[in-house]
Amino acid sequence: MNQEELFKKLIAHSKEYGYIFPSSEIYDGLSAVYDYGQYGSELKNNIKRYWWEAMVRLNENIVGIDAAIFMHPRTWEASGHVGAFNDPLIDNKDSKKRYRADVLLEEYIAKLEDKVEKEVEKGRKKFAEGFDEAQFRATNPNVLRNAEKVNEVRARMVDALTKNDLEAVRQLILDCEIVCPISGTRNWTEVRQFNLMFETKMGSVSEDAGTIYLRPETAQGIFVNFLNVQKTGRMKIPFGIAQIGKAFRNEIVARQFIFRMREFEQMEMQFFIRPGEEMKWYEHWKATRMKWHKALGLGDSNYRYHNHDKLAHYANAACDIEFNFPFGFKELEGIHSRTDFDLGNHQKFSGRKLQYFDPETNENYVPYVVETSVGLDRLVLSVLSNSYCEEKVQKDGEEAGERVVLRIPAAIAPVKLAVMPLVKKDGLPEKAREILSSLKYDFNCQYDEKDSIGKRYRRQDAIGTPFCVTVDHQSLEDNTVTIRHRDSMEQERVSIASLRGIMEEKVSMRTLLEQL
Ligand code: ATP
């Protein structure tokens, strides 16, 4: 199965098994807006908890808040979003499709980089043991040509975007001979800037109503509360404020399922530090966040850093943690050194002092900030795409059909265990319900007695339940049950009394947090 097929199947599976539905589907859906179903919302809540506890509970100097989505409109002038939260868009006149001009260029660069890597791999195969990679990269004409082109296109792109020279962006697209993937033509419009913020009105009488925005990021709710939290929490620098919440962006090109949505959720932490110490903390948070991702167990090689070529208006260093999605490595989390841009500007725009008195240096200053910002929906997608698996099932050495299994890490799986009576009679359902009642306070459990036991196991595999507990006739005699493991499909017999301890060890969030 190639990655494109996998992605299509995953989208269908997510809908069929209650993870993710198109929003207002009975009206044919709303573009790039999705609803989380009964399992999707459990998964999302578990990921939130993992993040919140890693940030707020494990760090004495980080606290969490929950700010409103609506904010005073001046907030977005101060933050730079009214003036500069734009994406350059371009339309293809033949297909009438709209693209982000910078994304077209980045994809072009990625293709060239891919060519370079393929050439290196060819060399590695050809020269086998005697292969000297550094020398190959420095001398192979194909590698050199493409690497030079990468540098040239990237330099021109960064220059044009930094100067906001939209004509130069268009010219670069023409010079690179980039075609529309739908029409295959180079019949492009001008490049225009498009502000991504959603506007709405607040107030009861339309003439009086003022324009306000749906927040495009959660960070500003933290900045405007900097002093409130610092004073009431008696926080000492360095300290952090964390928040999980919705953000809204009128994305130009919203494809790729929940990767790019118009309403999505962010988990952000702003870390307030002494000016001049930003690079130390930037490196610290880069490493800390990478560790958090890897502890989930989706495979270390699926993550990489990507340094920004063009820094946002507020940053003096920035990188992404990228994940290997079915459509390639793409941004999962951003780590930005935001200097004193935000607090400094809020100070200017509000006329309030947003400073900190540092008892160690006896100085007043506007703190610098290092931010970590991860998309919750992108995390859900990384977990689902990495977990989806179709496999042939063997029974007694023979092929016995296929199964679809979501190998979601146990600690964040929506349902932790399903309790099932082998048959619907002889007192087995009562026994199974008794077990369920004793475990449901600690774990999200399900009871299932419908259909054959094989079908029930498949159903639980498809939603990613790591354990199934089966009650049979022997259970009535000796108080034992079988536990069936989702991934290996192995079964073991254990006492009912030991169930809670076994589950605790296997599915507790603690196993993740202890790795950090
Ligand atoms: P991109 O370059 O993909 O548009 P960005 O650099 O604009 O993303 P940030 O402003 O750094 O994103 O936002 C922080 C995080 O929020 C991103 O790493 C991503 O996980 C998430 N995010 C941003 N935009 C969206 C979106 N439209 N849908 C889902 N998640 C998003």
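Position labels on residues start from 1 in each chain and follow its written sequence. Only residues with pLDDT of at least 70 get local features here, since the model is predicted, and only at 80 or more are side-chain atom pairs given and counted; chain-wide, interface and lining totals rely on the full set of residues. The basis for every side-chain value is the complete set of heavy atoms in the structure, and neither hydrogens nor water enter the calculation.

### A look at the sheet that holds strand β13 (residues 328-339)
In this description, strands pair whenever DSSP reports at least two bridges between them. Runs of H or I in DSSP of at least four residues are treated as helices and runs of E of at least two as strands, each being numbered from the N terminus. Here we have seven strands laid out as an open sheet, ordered β3-β9-β10-β16-β13-β12-β11, and mixed in their pairing. Here the strands that pair on one side only, and so sit at the sheet edges, are β3 (62-65) and β11 (303-307). Strand-to-strand twist of the sheet, defined as the mean angle between neighbouring strand axes without regard to direction, takes the value 25°. Where strand β9 (residues 239-248) and strand β10 (residues 263-273) come together, ten bridges link them in antiparallel fashion. Bridge pairing in β10 links Gly 240 to Phe 271. Only the stretch in contact is used when fitting a helix axis, every axis being a line fitted to C-alpha atoms; angles between N-to-C directions are given from 0 to 180 degrees.

### Things to note about the site of the ligand
We call a residue near a molecule or strand as soon as one heavy atom of that residue lies within 4 Å of the molecule or strand. In the region of the ligand, 16 residues are neighbours, and Glu 251, Arg 260, Met 261, Glu 331 and Leu 332 sit closest. Pairs of N or O atoms within 3.5 Å make up the polar contacts considered here, provided that, within protein, one atom can donate a hydrogen while the other can accept it, and that residues adjacent in sequence are counted only when both atoms are side-chain atoms. Here Met 261 contributes a backbone N or O atom positioned 2.8 Å from a nitrogen atom of the ligand. In this structure, an oxygen atom belonging to the ligand sits 2.9 Å away from a main-chain N or O atom of Gly 375. Note on areas: Shrake-Rupley with a 1.4 Å probe; residue coverage comes only from the protein chains shown. Burial of the ligand by the protein amounts to 87% of the accessible area it has alone, namely 590 Å². Counting residues per element, the ones that place at least two in the shell around the ligand are β10, β13 and β16 (368-375). In terms of residue count, the dominant contributor to the shell around the ligand is β13 (five residues). Residues belonging to the shell around the ligand are distributed by class as follows: four nonpolar, five polar and seven charged. Side-chain classes follow a simple rule in which Ala, Val, Leu, Ile, Met, Phe, Trp, Tyr, Cys and Pro form the nonpolar group, Asp, Glu, Lys and Arg form the charged group, and the remainder, Gly included, forms the polar group.

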